[in-house]
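# Structural overview
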Amino acid sequence: MKVSIIGAGTMGMMYAHNIAKIKGVQPAGVCDVDRERAERAAQLCQTSAYTSLEDLLAQEQPDVVCVCLPTHLHKDIVMTLAAKGIHIICEKPIALNLEDAREMQAACDQHGVRLFIGHVVRFFPNYRDAAQKVKDGVIGEAGVAHLKRFGSFPQGSDGWYHDRAKSGGVIMDLMIHDIDYARAIFGEVESVYAAISRSDQMEYAQVTLKFKNKRIATLSGYWGYPGPFTTEFEIAGEKGIIRFNSNETLSLNVKVQSKDQDLGERVQVPRSPMMYDPYYYELAHFIQCIREGTTPIVSAEDACKAVAIALAAEQSAELGKPVNMEVFS
Amino acid sequence: MKKLKIGMISFAHMHAASYLHALLPREDVEIVGIADEEEARVSPFTAPNGIRYYKDYMDLLKEPVDAVIICSENSRHAEITKQAAMAGKHVLCEKPLGISEEEMLEMIAVCQSQGVQLMTAFPCRYLTSVVHAKQAIDQGEIGDIVAIKGTNRGTMPQGWFIQQELSGGGAVLDHTVHVVDLMNYFTGSEVEEVYAHVETLFHDVEIDDAGMLHIRYKNGVFAVHDPSWSRTKSFPTWGDVTMEIIGTKGVLTVDAFAQKNDVYSDQVMKAQWSYWGDNMDEGLIDSFVTSIRSQEPVSISGEDGYLSARVALAAYESARTGRPVKLKE
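Predicted model, so just to flag it, every value in this text is computed and none were measured.

### Regarding the overall build of chain B
Scanning chain B for helices and strands turns up 11 helices and 15 strands. Expected size for 329 residues packed as a compact globule is a radius of gyration near 20 Å; at 20 Å, chain B falls within 12% of this value. By principal-axis analysis of the C-alpha atoms, chain B measures approximately 55 × 50 × 40 Å. Counting only residues that meet the buried cut, chain B has 60% of its 329 residues in that class. Taking as baseline every contact in chain B between residues at least 6 positions apart, the subset at least 24 positions apart corresponds to 70%. Computing the positive centroid from 29 side-chain charges and the negative centroid from 47, chain B places the two 2 Å apart.

### Structural notes on the packing of helix α6 (residues 128–138) of chain B against helix α9 (residues 177–187) of chain B
Angle between the axes and distance between the axes: these two values describe a pair of packed helices. All names here are of chain B. Contact geometry for α6 and α9: axes closest at 10 Å, N-to-C directions at 30°. Taken together, the axes of α6 and α9 lie roughly parallel to each other. Only L182, Y185 and F186 of α9 make contact with α6, whose side of the interface consists of V130, A133, K134 and I137. Considered class by class, the residues forming the contact of α6 with α9 number 6 nonpolar, no polar and 1 charged.

### A short note on the packing of aromatic side chains
Enumeration over the complete set of coordinates arrives at 29 aromatic pairs over all chains. Measuring from centroid to centroid gives 5.4 Å for A:F233 and A:F244, while their planes differ by 25°, and the two rings are stacked. Here A:F233, found in strand β11 (residues 230–237), pairs with A:F244, found in strand β12 (residues 240–245); they are 11 residues apart in sequence, far enough to count as distant. Given the relative accessible area of 4%, A:F233 is considered buried. Through a chain of ring-to-ring contacts, the aromatic side chains of A:F124, A:Y127, A:Y181, A:F233 and A:F244 assemble into a single cluster. A cation sits over an aromatic face here: B:R125 above B:Y185, 4.2 Å from the ring centre. The residue whose ring lies beneath B:R231 is B:F235, and the NZ or CZ to ring-centre distance is 4.8 Å.

### Regarding the interface of chain A and chain B
Facing the 37 residues of chain A at the interface are 36 residues of chain B. Taking both sides of the interface into account, the surface hidden between chain A and chain B amounts to around 2,900 Å²; carbon and sulfur atoms contribute 61%. On the chain A side of the interface with chain B, the three residues burying the most area are A:H146, A:Y193 and A:Q206, jointly 20% of the side's total. Taken together, the links from chain A to chain B amount to 4 salt bridges. Our enumeration of links across chain A and chain B arrives at 11 residue pairs in polar contact (both at pLDDT 80 or more).

### Points about the UniProt feature "domain: Gfo/Idh/MocA-like oxidoreductase N-terminal" (unreviewed entry) in chain B
Here the UniProt feature "domain: Gfo/Idh/MocA-like oxidoreductase N-terminal" (unreviewed entry) sits at residues 11–121 of chain B. Secondary structure within residues 11–121 of chain B divides into 41% helix and 21% strand; the distance between the first and last C-alpha atoms comes to 14 Å.

### With respect to the UniProt feature "domain: GFO/IDH/MocA-like oxidoreductase" (unreviewed entry) in chain B
Under the feature "domain: GFO/IDH/MocA-like oxidoreductase" (unreviewed entry), the UniProt entry names residues 131–252 of chain B. Taken end to end, residues 131–252 of chain B has its terminal C-alpha atoms 13 Å apart, with 22% of it in helix and 30% in strand.

### Focus on the pairing of strand β14 (residues 270–275) of chain B
Residues and elements named next belong to chain B. Where strand β13 (residues 260–265) and β14 come together, 6 bridges link them in antiparallel fashion. Each bridged residue has a counterpart across the sheet, and for D262 the counterpart in β14 is W273. Hairpin connection of β13 to β14: 4 residues between the antiparallel strands, including M269 at a positive phi of 55°.

### Observations regarding the domain arrangement of chain A
All names here are of chain A. We note that the domain assignment places domain 1 (2–119) and domain 2 (122–275 + 294–328) within chain A. If you average the C-alpha positions of domain 1 and of domain 2, the two centres end up 24 Å apart. Across the contact, 19 residues belong to domain 1 and 26 residues belong to domain 2. Both sides of the domain 1 and domain 2 interface together cover about 1,900 Å² of buried area, and 61% of this is carbon and sulfur. Linking domain 1 with domain 2 are 2 salt bridges. A salt bridge links R102 to E301, with the shortest nitrogen-to-oxygen separation between them at 2.9 Å. Viewed at the interface, domain 2 and domain 1 are joined by 6 residue pairs in polar contact (both at pLDDT 80 or more). Only α5 (98–110) and β6 (115–118) provide two or more residues apiece to the side of domain 1 that touches domain 2. A total of 4 residues in the side of domain 1 that touches domain 2 trace back to one element, the largest contributor, which is α5.

### Considering the sheet that holds strand β4 (residues 64–67) of chain A
Residues and elements named next belong to chain A. Spatially, 6 strands are ordered β3-β2-β1-β4-β5-β6 in an open sheet, and the strand pairing comes out parallel. Looking along the sheet, the strands with just one partner apiece sit at the ends: β3 (49–50) and β6. Where β4 meets strand β5 (residues 87–91), 4 bridges bridge the pair, whose relative direction is parallel. Looking at β5, one finds that C66 is bridged to I89. Of the strands in this sheet, β1 (2–6), β2 (26–31), β3 and β4 touch helix α3 (residues 53–60), which is tilted by about 160° from β2.

### What to know about the UniProt feature "domain: Gfo/Idh/MocA-like oxidoreductase N-terminal" (unreviewed entry) in chain A
Those places that UniProt annotates as "domain: Gfo/Idh/MocA-like oxidoreductase N-terminal" (unreviewed entry) correspond, in this numbering, to residues 2–119 of chain A. Secondary structure across residues 2–119 of chain A comprises 43% helix and 22% strand; the distance between its end C-alpha atoms is 22 Å.

### So, helix α2 (residues 39–46) of chain B
All names here are of chain B. For α2, the complete set of buried residues consists of V42, F45 and T46. The buried side chains of α2 occupy one side of the element, clustering within an arc of 90° when seen end-on. Close packing links the buried residues of α2 with α1 (15–23), β2 (29–35) and β3 (52–54).

### Comments concerning the sheet that holds strand β15 (residues 325–326) of chain B
All names here are of chain B. Taken together, the 7 strands give an open sheet; going across it, the order is β12-β11-β7-β10-β9-β8-β15, and neighbouring strands pair in mixed fashion. Unpaired on one side and paired on the other, β12 (251–255) and β15 mark the two borders of the sheet. Relative to strand β11 (residues 242–247), strand β7 (residues 145–151) runs antiparallel, the two sharing 6 bridges. Each residue of the ladder has a partner; that of T151, found in β11, is T242. Across the sheet, α9 lies against β7, β8 (191–199), β9 (210–217), β10 (222–226) and β11, angled at about 160° from β7, the strand it touches most.

### Looking at the side chain of B:E94
Residues and elements named next belong to chain B. Here E94 shows up in strand β5 (residues 90–94). No salt bridge is formed by the buried E94. Its closest oppositely charged neighbour is K95, at 5.0 Å. Polar contacts involving the side chain of E94 include one to the side chain of H15, which spans 3.0 Å. Once residues lying within four places of it in the same chain are set aside, the contact partners of E94 are H13, H15, Y19, I70, C71, H77 and A121.

### Let's talk about the packing of α9(B) against helix α11 (residues 302–321) of chain B
Residue and element names in this part refer to chain B. Between α9 and α11, the least distance of the axes is 8 Å, while the angle of their chain directions is 120°. Taken together, the axes of α9 and α11 are oblique relative to one another. The two elements α9 and α11 meet at a crossing, and its hand is right-handed. Taken together, the residues of α11 that come into contact with α9 (itself represented by V177, V180, D181 and N184) are D304, L307, S308, A309 and V311.

### Brief notes about the state of the cysteines
The final tally for this structure, using the stated rule, is 0 disulfides over all chains. A:C90 takes part in no disulfide bond, and the closest cysteine sulfur, belonging to A:C68, lies 8.1 Å away.

How each quantity is defined
- Note that residues are indexed from 1 along each chain, following the sequence as it is written.
- Lettering of chains starts at A and numbering of ligands starts at 1, both following the order in which they are written.
- Only residues with pLDDT of at least 70 are given local features in this predicted model, and only at 80 or more are side-chain atom pairs given and counted; all residues enter the totals for whole chains, interfaces and linings.
- Processing note: side-chain calculations cover all non-hydrogen atoms of the structure and skip hydrogens and water entirely.
- Counting from the N terminus, the helices are DSSP H or I runs at least four residues long and the strands are E runs at least two residues long.
- When we talk radius of gyration, it's over C-alpha atoms, and the globule rule is simply 2.2 Å times the number of residues to the 0.38.
- Note on exposure labels: buried denotes an accessible area under 20% of the residue type's maximum, exposed denotes more than 50%, and partly exposed covers the range between, all computed with a 1.4 Å probe on protein chains only.
- Here, residues are in contact when the closest pair of their heavy atoms is within 4.5 Å.
- Counted charges follow a simple rule, with Lys and Arg positive, Asp and Glu negative, and His plus the chain ends left uncounted.
- One atom stands in for each charge, and that atom is NZ of Lys, CZ of Arg, CG of Asp or CD of Glu.
- Lines are fitted to the C-alpha atoms to define the axes, a helix being fitted only along its stretch in contact, and any angle between axes, read from their N-to-C directions, falls within 0 to 180 degrees.
- Our angle categories are set so that under 35 degrees counts as roughly parallel, over 145 as roughly antiparallel, 65 to 115 as roughly perpendicular, and the remainder as oblique.
- Residue type decides the class: Asp, Glu, Lys and Arg count as charged, Ala, Val, Leu, Ile, Met, Phe, Trp, Tyr, Cys and Pro as nonpolar, and the leftover types, Gly among them, as polar.
- Pairing of aromatic side chains requires ring centres within 6.5 Å, counting the rings of Phe and Tyr and the six-membered ring of Trp. Pairs whose planes differ by under 30 degrees are stacked, by over 60 edge-to-face, and all others tilted.
- Note on criteria: charge over ring means Lys NZ or Arg CZ within 6 Å of the ring centre, with the direction from the centre no more than 35 degrees off the ring normal.
- The term buried area denotes the loss of accessible surface (1.4 Å probe radius) that occurs when two parts are joined, taken as the sum for both partners.
- The working definition used for a salt bridge is a side-chain nitrogen of Lys or Arg within 4 Å of a carboxyl oxygen of Asp or Glu.
- Identification of polar contacts relies on pairs of N or O atoms within 3.5 Å, with a donor-acceptor requirement for protein atoms, meaning one able to donate a hydrogen and the other able to accept it, and with residues adjacent in sequence counted only if both atoms are side-chain atoms.
- UniProt positions are given in the numbering used here, feature names are shortened, and annotations may be inferred rather than shown by experiment.
- Two strands pair under a simple rule: DSSP has to find at least two bridges between them.
- As used throughout, domain bounds are those supplied by an automatic or database domain assignment.
- Directions pointing from the helix axis toward each C-beta atom define the arc.
- Here is the rule for handedness: rotate from the far helix to the near one, and if that takes an anticlockwise turn smaller than a right angle the crossing is left-handed, while a clockwise turn gives right-handed.
- Here, the term disulfide refers to a pair of cysteine sulfur atoms separated by no more than 2.5 Å.

Quick look at the structure:
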């Protein structure tokens, strides 16, 4: 199966790093408007670099294209690829509004191509383990969940994350991971309440999802966090609790003696290394779904619902009132 | 200087025992008596310590007592406080101060008109981490507070705590007031609006055992708080008090009971956390005794008790109506 990558920023590099490791996948070109970036990613997976999508498609004839572009560019590319009969793996969020997301879904259906959205948290072993334990009833009926995702303000190409018209902001871009995961745990959302603070240096949001089955998930997301990238969750049930804190599961910590204080600071980065990163599992799963025609763990429909919830949260924060999800269905 | 004569009224709330242990070693205090209609509840504390027992607290109030500590069921705080004030006794009242806005305002008014002091028992103010957090915030270490996320998750108590007519509310009343008091203390502002979910998700009881509150302060700070009784039997400790405070220049977190040893014992067959931090109840008692003896205003007033308890009461109203509730001026 020939798989191309469009967009060679942070995510494109991540895909390039993983794509060649997947059995039966032949990397088929990386495209980026910036030649250097395209070449760097292409080198990583031993394929050719392109600066034009047309050239890549004509030369490589891919079966699948991974779309790793800024969110506001997803729709046009997905529509183009779908019309050409190419399967698509697109980074999250699917789109910045529901209309675009639905159009993308419809175009893929119409042209008989598969559309997968990279809600990668479903493929993180820690999140998968917790979801499975909840499903297996290990903590009884789950009742209240806390989900947290804090990081620095992402820079991206040309600072596109700072432009809300392009990234959608911290809820749409970052917290959407936890929105999707909360749905995976509790099901459909009834109402959303949110509060947000934004400045040039930070975006911080608190969002509570009330589910149709009365369960509660409260999410916090932060761009501009002065600490290390941090994820945390707690799922409390009638008969048990599952918790995770990324700062407490660091399996490797290298400390280097150094006379240079600054250098010492820089090289002491605790890590949690694994044989494969979650993007590998995600891509391998989507490729398998294409090959076997099976249903993915996380569907384009799930991605649309996550966008709807993120939009509802934005609206709630603006109105200062809860927003019922019926308005967004 | 002569000793402060203290009477204790009711041991319905188990904090009474802890307050007693904080009083016993003090040389500036004489414990005149303990009143409780259930003698069995207090007999382990009276005779062994040579403290006189009173069945009727009105009899204790007739004694030459300077101050009383009230740890009755929540629904009786108002009646006992007013009687004590009428008898000219200063009052330290267990939280929540009362179960309705009207009765709390009356408690404050009666104490004022009788010229006695009313202090609300919020021992969390005397957590050493909280004392230092307050200093750091006041010194501007994290800039201006933008938002706060709090938790006071606990094990569900038994007995009158889960009887609405005696407690006035479940988890949301029991476990909102401590952290909201700290939020009030840190922000120096008052709550303007509350939106909340109140549910019974963890136990087979009538009363609420789960909730989530979204709070907006007059100064623009917003907050979310989880007061759920969601700690299961298998959890290593009774509960937590945590606050994550997002400022314009940094983030400050308080994990009040993080000072612990991890204990693994075959005697109990579950992991346990053994807390070794400072005793906050000693700080509370010291503050009360010192204030009364030196005729200084108590550090946590009845007004403070009212300002946090009304937030919990507003949470119930919000959950009933499904709308944010603005607090009356």
